[in-house]
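Residues per chain are reported as follows:
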Amino acid sequence: QVQLVESGGGLVQAGGSLRLSCAASGRTFSSYAMGWFRQAPGKEREFVAAISRSGLGSTYYADSVKGRFTISRDNAKNAVYLQMNSLKPEDTAVYYCAASYTGRAYFADSTYDYWGQGTQVTVSS
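These figures come from a predicted structure and were not determined experimentally.

Right, let's talk about the sheet that holds strand β3 (residues 18-24) for a bit. The strands making up a sheet associate through hydrogen bonds between their backbones, and the pairing can be parallel or antiparallel. Here 4 strands make up an open sheet; going across it, the order is β1-β3-β8-β7 and the pairing antiparallel. Of all strands in the sheet, those bounded by a partner on one side alone are β1 (4-7) and β7 (69-74). Within the sheet, the average angular offset between the axes of one strand and its neighbour, ignoring direction, is 15°. Pairing geometry for β1 and β3, over 4 bridges, is antiparallel.

See below:
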């Protein structure tokens, strides 16, 4: 029902910025809450940020990124974004966007029904 494609990853130096994009197919994008997760080599996938369905405007962040990352969405473009500033080497991971229709626990990966294939973010020291 929903196809998600991430883009915008790359190699940046510590302290730099990247803006990730997630493009969604379909005409029901605004009905889904959206989240960003990341997974580093040898580590479990972890929650990064989430944004509520269109019109509610609530955002949520992991403690590790709060104050540095900003999630937003543009329903007219069927897209969600993750602006990442003050990047650290510890932010290096594959970043995934995800869509949830029924979930309430935005921090839990089990909440999400659809996932993208991921985009690599590498932060050098």
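Within the element layout of this structure, R104 appears in the loop between β9 (93-100) and β10 (114-115). Counting along the chain gives 94 residues from R104 to G10, while the straight-line C-alpha distance between them is 31 Å.

Within the largest apolar cluster, 37 residues are counted, with the highest numbers of intra-cluster contacts made by L4, M34, W36, L82, M84 and Y95. Those residues in contact with L82, other than ones at most four positions away along the chain, are L18, R19, L20, W36, V48, A49, F69, T70, I71 and Y95.

Position of E6 among the secondary structure elements: in strand β1. R45 provides the closest opposite charge to the buried, unpaired E6, separated from it by 8.6 Å. Only 2.9 Å separates the side chain of E6 from the backbone nitrogen of C97, close enough to count as a polar contact. For E6, the side chain forms a polar contact with the main-chain nitrogen of G118, separated by 2.7 Å. When neighbours within four sequence positions are excluded, E6 is seen to be in contact with S21, C22, W36, Y95, Y96, C97, G116, Q117, G118 and T119.

A few words on the state of the cysteines. Two cysteines, two sulfur atoms, one covalent bond between them: this is a disulfide. For the structure on display, the rule yields 1 disulfide. A disulfide bridge connects C22 with C97, and the sulfur atoms are separated by 2.0 Å. Sign of the S-S torsion, about 55° for the bond between C22 and C97, identifies this disulfide as right-handed. A residue pair is termed long-range when its members are at least 10 positions apart, and C22 in strand β3 and C97 in strand β9 qualify at 75 residues. Take C22 and C97: they sit in the same class, and that class is buried.

About the thresholds
Every chain's residues receive numbers from 1 upward, in the order its sequence appears when written. Given that the model is predicted, a residue must reach a pLDDT of at least 70 before its local features are reported, and side-chain atom pairs must reach 80 or more before they are shown or counted; all residues, however, enter totals for whole chains, interfaces and linings. Processing note: side-chain calculations cover all non-hydrogen atoms of the structure and skip hydrogens and water entirely. Paired strands, in this sense, are two strands between which DSSP finds at least two bridges. A helix here means a DSSP run of H or I that spans at least four residues, while a strand means a run of E at least two residues long, and both kinds are numbered starting from the N terminus. Only the stretch in contact is used when fitting a helix axis, every axis being a line fitted to C-alpha atoms; angles between N-to-C directions are given from 0 to 180 degrees. We call a set of buried Ala, Val, Leu, Ile, Met, Phe, Trp, Tyr and Cys residues a nonpolar core when their side-chain atoms join them within 4.5 Å. Exposure categories follow from relative accessible area, calculated using a 1.4 Å probe and restricted to protein chains: below 20% of the type maximum is buried, above 50% is exposed, and the middle band is partly exposed. Residue contacts are counted whenever heavy atoms from the two residues lie within 4.5 Å of one another. Under this rule, positive means Lys or Arg and negative means Asp or Glu; His and the chain ends count for nothing. Only one rule defines a salt bridge in this text: a Lys or Arg side-chain nitrogen within 4 Å of an Asp or Glu carboxyl oxygen. The term polar contact refers here to a pair of N or O atoms within 3.5 Å; inside protein, the definition further demands a hydrogen-donor-capable atom paired with an acceptor-capable atom, and it admits residues adjacent in sequence only when both atoms are side-chain atoms. Only a pair of cysteine sulfur atoms within 2.5 Å qualifies as a disulfide here.

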